[in-house]
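Examining the three-dimensional arrangement
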Amino acid sequence: MAVDMQELVEDSVLLQCRVNETPCEEFIHPTTSLLDFLRENLLLTGTHMGCMTGHCGACTVMVDGSIVKSCITLAASVQRKKISTIEGLGEKESLHPVQAAFCEESGFQCAYCAPGMLLSTVELLNETPDPSDAEIRSALSGNLCRCTGYQSIVRAVRTAAKLYTADKETQE
Amino acid sequence: MTKQYVGNSTSTLDHAAFVSGRSTYTADHIFPNQLHAHFVRSTHAAAKIKRVDLSGAERVSGVVLAMDGMQAAEHLDPIPHFVDPIVFGGKTTNLRCLALGQVSYFGEPVAVVVAKDKKTALYAASRVNVEYEPTQAVLDASDAIDSNAPRVVPEWADNMLMQVPFGGGDCAAAFEAADHIVKTKLKVHRQSVQPIETRSYNAVWDHRESAITLYATAQNPHPLRYVLTNALRMPENKMRIVTSASGGAFGLKMHGHPEEALICLLAKLTKQAVKWIENREECLLTGGREQEHEVDFAINADGRILGIRDHFLANVGAPGGTPGWGMAFLTGLSMPGPYDVADLDVLANIVVTNKAPWSSCRGYGKEVTALALELGIDKAARELNMDPVQLRYKNFIKSDAFPKKSATGLIYDSGDYQGVMEKTLQLIDYDGFRDQQDALREEGTYAGIGVAYELTPEGGALPGTLVAGYDTSTVKVDPSGFVTVLTGVTDPGGGNRTGIGQIVADELGVEFEKIRVVQGDTQSCPYGFGNYSGRSTIVGGGSAALAAQDIKLKIITLAAVMMEVPEETIEIAGGIISTSADAGSQMSFVEVCYAAYTRNYDIAACIEPPLESTRTFKPGLISHTPDEEGKINPYPSYSNAAYAVVCEVDIETGKVSLKKFAVVHDCGKTINPILVEGQACGAVAFGIGGMLGEEILVDESGRQLTTDLVDYTMPRAADVPPIALGHHDTPNPITFMGLKGAGEAGVGGSAAAVVNAVNDALKCLNVEVLELPVSAPIVWKAIQAASLGSTETES
Ligand code: FES
Ligand code: FES
C-alpha cells in the first residue's frame, strides 16, 4: 500500500500576507518554512539558505519591520503580516542607501550573506541611526560571512548610516 | 598607456544585482517538473553493508526512483580522482558514488531517493533500511599506521596513502653541528572551510540530444566535465556545465564529490531535472588540515637555523575524489617557507582513516607549513630567550637573493621578507606594546603579541593532471562597441571577474561599464581550469589582456585608415579614438567597431573580422622537467605576508580575545586594492576562526559530533578585530603585470600569529599551547595544568 506523506500531516493551510507590498494568497503545507515559501512558491530567490537551523543569517527577512530567520519561521505563522525581502529594498536604478553603501564600500564578496547583512543593517539603523563600531558588530552577530572578515561590512554600515541620515533629511 | 581602471578600487561588476537579491546562485535554478534528491548516509564509520532495502522508500507516493550502490555501479564507472595519488607514487582505489559492500566513513552516501519535492524525498529516505555489520574504525593517524590497525581500504597492505620525503642538503650534519636543538610537537585539528553557500547540483536531461546540462557549484567546470562524462560513460561534448554566482568556495567546490556524478545519472534515468542541495550537516563532513608535526630546529648560538627536520602525519580521512589529500603534500613541499635553510629533512606521512575525506581547503596545506614553522620559531625564541622577530630576521631569505631555489626545489620569484615584517611591526606598534606589556600584567591583564610569516606559492600546475598553470580567454567586441570576455577561469566569489573586466577596459580603452565577463559555462567559454591556488587574475587577466591587445591592433589599423592618419598616432581612451596628428579630429570607438563589421569590402578591408580573439597566458618559471635532483617547480608565483596580533587571555575562563591585527602583504601588483584588501581580511578571519573555535569532532566510534554552526563556531563580526593592512609589493618579474595572486594567502600566517600571541600572553605562567585550537576550554585546561604543576613543585 502506498504511504502518502500528505496523509501524515494536516491539510494545507491558506496563507495570506503581503510580501514586498504585494498581497499574496497561497495554499501551503503547514510545515513549510517561510524561507521555502519565499524561494519556491514566490520564486524570491534573493533570500538564501545557509543552514536551516537559524545560525547563519543568510535567510534573514523582515516581518512587520523586525528581522527574523526565515528558515526557522513557519510560513503559516506570518498570517496577515508584512514581509520584506531583499528584492523589496531597492533595485538598480533606485538603490536603498544601505545597498548603495554596501556597493560603495565593497561590503561583500560572494554576496551570499549580503541580503541578510543588508536587512540586519536596515533594522539597526532604524533603531540606532548613528551606531558605534561595537554596536554594528553586535547587530550583525546573527549573520555569518565567510568571505570578508567583516571589515568592509562594518565600513559599509558606517557609510550607510551617513547616507541613511542624509536621505531621511532630504525626505523630511 | 594610461590605466584608468587597473590599480583603482572599481566597484564589483554587477554590484547592484548582488545587493538587491537579483544575482543567481546555483540553488536558485528551478526547472519545470523539478525533482529533488536526498541521500541516505552511513550511520557507521566502518561497516560491511549486509543489505539495502529500498522498498519502504519506493512505496512512498511521489517517489520517482530509489537506488543503492549496486544499482549505481551498473550505470556509473568509478569517478576519476581530481589528482590521483598514484601520479605522485601513492596508492589508488576505485571511488564509487554510492557505497558498494562496505562503508568507510560516517556520512558516506549509501543510497539515494528522488521524489517530486524535497519533503517527500527526505521522508522517503528515512524509510530506506540499511543493515550494517559494524567493523572496527580507525580514527587517529597514529593508530592507523600501526601494522595491526584495521585497513581502511581492505585491499591495501597498510593505511599509508603516500609517504613522501622533501628536502635537501645534509640535515643530519646540521643537527650534529648545531649549538641547540629545539623540538616542537604540534597538533593541528580537523577544520572545514564551510562557505555560507553549501554545494548544490541541478542536472537537466536533454532527451533530443541525449545530453546533460549540469548547474553546479563547481570551481573547475571544464575538468569536472571530464570527470563526469568518464564516470557516466558518455562523450565529453554531450555535457554542459554551468556555474552561477558562487556563494564562496574556498576549495570545497573543487570536484570529486560523489553527489556530482550521481545527480547527473539520476537526471539521465528519470529524464527530468534533478536537484540536490547539500545541508549544513552534510557539508560539515568535509574536513581538512588535521596533522601532527614534530618540528625540530638545529640552531646556532647566534640564532641562525642550520637545519629543519619535520616528520609529520596527515590524517586525510577515507580516500576521496577531491584533491584534499594533496594539501598534505603541499605542506611538505612548501617547507622551509621564507627561511634560508638548505639542510632540510621533511617526511610527509599521508594516512587514511575512517573519517570523511578531506576536501581542499583555502591555504591548500601551505597554511599548515606556516603553522609548523612559525610556532616552531616562537618556541625556539622562548627556549633560547631571543626576540621572536629578531630570530626571524636572522633567517629570512635576503631580498637580493631572488630568484631563489628552495631546499624542496621551488623557485621563489621575488620578495623582501624583512621589509614586509618591519612594516607590519610598525602598523601594530610592536615596540610600544612590548613597553606596556609588563605594566598590563601588573594590572592583571594577560596580554600578548604574536607575529608570523607566510609564504604562499600560488598559481600551481601539476604535470599529467587537469591542474594547469595556464589559462585562456576570448574577448569579443560587438558592432555596437560592447565587450564580452569569456574566460576559462571562474570566480569563487572574490571578485576576479571585476579585476579581469578592469584589465580589459584598460587594454581596449573603453568604459568599464561596457564590459561583460562570462565565466563558468563550458559551452561558451574557452577550455579552462577554473579557480584554485590564487591563479585566476594572473592567468585569466593575463590571457584576456593578450586577446584585448589583438583586437585593439585591428581597431587602430582601421581607425588610422578611417581618419587618414598614421597608425602610430592613434590613441584610444574612454571609448574615444583620437590622433596626435590632428588634435581636432576624433571618432568614437563604437563607430570604428561598426565599420569593422559592415565595411569589410571597402574601408575595413584592411582588417579581418570579427573583432574577436582567443589567447592563452602561460606564466613562466613553472618547470615540469625534473632538475638533477628530480625536483620540479610547479608554481610561478610566491605571494607572502607578515601578520601580527595583540590578544588578551582571560585566565579565569581561557577565553582569548583579539585586540589588534596587522597584515602587510606582498601580492605583487594590485589590480583592485579594495578587492585585494577584502581577500586579505577574509583570509585573516579564516585563520582566526580556525584557531579560536572551529573544530570538527567525532566520537570514539567515528560518528561526527559537529553537526551545525553552533558546534562549528566560525567567527562572527565581534570576534574579528579591526585589521590594519599594508602593502609592500615586489612585483613578480615573470607574470602578467607582476601579479602574484591574492586570496589563498593568509590563513596560516594569521592562525600562527594568534597562537603565538596566546603563548606570549601566557609565557609568564609557563603555559604553552601547541595542541590546537586555542579555544577557551583548551587554554583553560592548559592554565589549570600549569598552575597545578607549579603548586605541586612548591609543596
Ligand atoms: S538558513 Fe536560516 S539562519 Fe541559516
Ligand atoms: S560575502 Fe561571501 S559570505 Fe559574505
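Residues numbered from 1 in each chain as written. Chains lettered and ligands numbered in written order. Predicted model: local features only at pLDDT ≥ 70, side-chain atom pairs only at ≥ 80, totals over all residues. Heavy atoms only, no water.

Section: the overall build of chain A
Looking only at helices and strands, chain A has seven helices and five strands in total. Reading chain A from its N end, one meets helices and strands in the order α-β-β-α-β-β-β-α-α-α-α-α. On C-alpha atoms alone, chain A measures out to a radius of gyration of 17 Å, which is about the 16 Å that the 2.2 N^0.38 rule sets for 172 residues. Sorting the 172 residues of chain A into buried and exposed places 56% on the buried side. A separation of at least 24 residues holds for 55% of the contacts in chain A among residues at least 6 apart in sequence. (Helix = DSSP H or I, 4+ residues; strand = E, 2+ residues; numbered from the N terminus. Rg over C-alpha atoms; globule rule 2.2 N^0.38 Å. Buried < 20%, exposed > 50% of the residue type's maximum accessible area, 1.4 Å probe, protein only. Contact = heavy atoms within 4.5 Å.)

Some remarks on the domain arrangement of chain B
Each assigned domain of chain B is listed with its residue range as follows: domain 1 (15–22 + 470–617), domain 2 (31–135 + 195–280) and domain 3 (362–460 + 631–794). Put simply, the middle of domain 1 of chain B and the middle of domain 3 of chain B, counted by C-alpha atoms, are 41 Å apart. (Domains from an automatic or database assignment.)

Looking at the environment of leucine 252 of chain B
All names here are of chain B. As for its position among the elements, leucine 252 is in the loop between strand S11 (239–242) and helix H8 (258–270). For leucine 252, a relative accessible area of 0% translates into the label buried. Expressed as a C-alpha distance, the spacing of leucine 252 and tryptophan 358, which sit 106 residues apart in the sequence, is 9.1 Å. Setting aside residues no more than four positions away along its own chain, leucine 252 makes contact with Val193, Pro195, Arg199, Gln219, His257, Glu278, Cys283, Thr286, Ser359 and Ser360.

A word on the interface of chain A and chain B
Contacts between the two partners involve 56 residues from chain A, matched on the other side by 61 residues from chain B. Of the roughly 4700 Å² buried where chain A meets chain B, counting both sides, 59% is carbon and sulfur surface. On the surface where chain A and chain B come into contact, there are six salt bridges. Between arginine 155 of chain A and glutamate 677 of chain B there is a salt bridge, with the nearest N and O atoms lying 3.1 Å from each other. Linking chain A to chain B there are 22 residue pairs in polar contact (both at pLDDT 80 or more). (Buried area = accessible area lost by both parts, 1.4 Å probe. Salt bridge = Lys/Arg side-chain N within 4 Å of Asp/Glu carboxyl O. Polar contact = N/O pair within 3.5 Å; in protein donor to acceptor, adjacent residues only side chain to side chain.)

A word on the sheet that holds strand S19 (residues 471–477) of chain B
Residues and elements named next belong to chain B. On the basis of which strands lie adjacent, the open sheet formed by four strands has the order S21-S20-S19-S25 and mixed pairing. Looking at which strands have only one partner, the edges of the open sheet turn out to be strand S21 (515–519) and strand S25 (612–617). The average undirected angle you get between the axes of adjacent strands in this sheet is 20°. Taken together, the six bridges between S19 and S25 define a ladder with antiparallel strand orientation. The partner of lysine 476 across the bridge, within S25, is glutamate 612. (Pairing = 2+ DSSP bridges. Axes fitted to C-alpha atoms, helices over the stretch in contact; angles between N-to-C directions.)

Overview of the side chain of arginine 155 of chain A
Structurally, arginine 155 of chain A is set in helix H7 (residues 151–171). The class of arginine 155 of chain A is buried, set by a relative accessible area of 19%. Polar contacts involving the side chain of arginine 155 of chain A include one to the side chain of glutamate 677 of chain B, which spans 3.1 Å. When sequence neighbours within four positions are dropped, the list of residues in contact with arginine 155 of chain A reads Glu105 of chain A together with Ile674 and Glu677 of chain B.

Concerning the sheet that holds strand S1 (residues 35–41) of chain B
Residues and elements named next belong to chain B. Judged by pairing direction, the sheet is mixed, and its seven strands sit side by side in the order S3-S5-S1-S12-S9-S10-S11 without closing on themselves. Here the strands that pair on one side only, and so sit at the sheet edges, are strand S3 (63–68) and S11. Here the average twist between neighbouring strands, direction ignored, is 20°. As paired strands, S1 and strand S5 (residues 109–115) are joined by six bridges and run antiparallel to one another. Looking across to S5, one finds that arginine 41 is bridged to proline 109. On top of the sheet, helix H7 (residues 221–231) reaches strand S10 (211–216) and S11; it is set at about 140° to S11, its chief contact. Contacting S1, S3, S5, strand S9 (200–206), S10, S11 and strand S12 (274–277), H8 runs over the sheet at an angle of about 30° to S9.

Considerations on the packing of helix H11 (residues 366–384) of chain B against helix H12 (residues 388–395) of chain B
Residues and elements named next belong to chain B. Contact pair H11 / H12: the axes reach a minimum separation of 9 Å and the direction vectors enclose 115°. Every pair of crossing elements has a handedness; the one defined by H11 and H12 is right-handed. Contacts from Glu374, Ile377, Asp378, Ala380 and Ala381 in H11 reach Pro388, Leu391 and Arg392 in H12. Taken together, the residues of the contact of H11 with H12 break down into five nonpolar, no polar and three charged. (Left-handed = near helix turned anticlockwise from the far one by under 90°. Nonpolar A, V, L, I, M, F, W, Y, C, P; charged D, E, K, R; others polar.)

Quick word on the environment of glycine 415 of chain B
Residue and element names in this part refer to chain B. Position of glycine 415 among the secondary structure elements: in the loop between strand S17 (411–412) and helix H13 (417–428). Assessed through its relative accessible area of 6%, glycine 415 is described here as buried. Residues glycine 415 and tyrosine 638, spaced 223 residues apart in sequence, show a C-alpha to C-alpha distance of 8.2 Å.

A word on the side chain of serine 104 of chain B
Following the sequence through the fold, serine 104 of chain B ends up in the loop between strand S4 (102–103) and S5. Other than its neighbours up to four places away in sequence, serine 104 of chain B contacts Ala45, Val152, Ala318, Thr353 and Asn354 of chain B.

What to know about the packing of helix H16 (residues 536–563) of chain B against helix H17 (residues 589–598) of chain B
Residues and elements named next belong to chain B. Their axes nearest at 10 Å, the elements H16 and H17 cross at an angle of 95°. One way to sum up the angle between H16 and H17 is to call them roughly perpendicular. Here Ile555, Leu558, Ala559 and Met562 of H16 lie close against H17, whose contacting residues are Phe589, Glu591, Val592, Cys593, Ala595 and Ala596. Classifying every residue of the contact of H16 with H17 by side-chain character gives nine nonpolar, no polar and one charged. (Parallel < 35°, antiparallel > 145°, perpendicular 65-115°, else oblique.)

Section: the pattern of salt bridges
If charged atoms from side chains of opposite charge come close, those side chains can pair. All names here are of chain B. Under the definition given, this model contains 35 salt bridges over all chains. Residue aspartate 77 pairs with arginine 233 through a salt bridge whose shortest N-O separation is 2.9 Å. You can see aspartate 77 sitting in the loop between helix H3 (69–75) and S4 and its partner arginine 233 sitting in the loop between H7 and S11, a full 156 residues away along the chain. By relative accessible area, which is 31% here, aspartate 77 ends up partly exposed.

So, unusual backbone geometry
Glycine aside, residues mostly have negative phi, and peptide bonds are mostly found in the trans state. Residue and element names in this part refer to chain B. A cis amide bond links methionine 335 to the next residue, proline 336, at an omega of -5°. Looking at where proline 336 falls in the secondary structure, it is placed in the loop between helix H10 (326–333) and strand S15 (343–351). Cis rather than trans, the peptide bond between phenylalanine 402 and proline 403 has omega equal to -10°. Topologically, proline 403 is positioned in the loop between H12 and strand S16 (404–405). At asparagine 33, a position not held by glycine, the phi torsion is positive, near 55°. When you line up the elements, asparagine 33 lands in the loop between helix H1 (15–19) and S1. Residue classification places asparagine 33 among the exposed residues on the basis of a relative accessible area of 60%. Even without being a glycine, glutamate 564 presents a positive backbone phi close to 55°. Within the secondary structure, glutamate 564 is located in the loop between H16 and strand S22 (570–573). For glutamate 564, a relative accessible area of 73% translates into the label exposed.

A closer look at H17 of chain B
Residues and elements named next belong to chain B. Every buried residue belonging to H17 is among Phe589, Val592, Cys593, Ala595 and Ala596, and all of these are buried. Buried residues along H17 cover an arc of 160° about the axis, so they all sit on one side. Close packing links the buried residues of H17 with S19, helix H15 (496–508), H16, S22, strand S23 (576–579) and strand S24 (586–588). (Arc of directions from axis to C-beta.)

Some points on the pairing of S1 of chain B
Residue and element names in this part refer to chain B. Taking burial as the measure, the seven residues of S1 include seven buried ones, the bulk of the element. Neither face of S1 is open: one carries Leu35, Ala37, Phe39 and Arg41, the other His36, His38 and Val40, and all of them are buried. One ladder, built from two bridges, connects S1 with S12; its direction is parallel. By the bridge assignment, histidine 36 is partnered in S12 with lysine 275.

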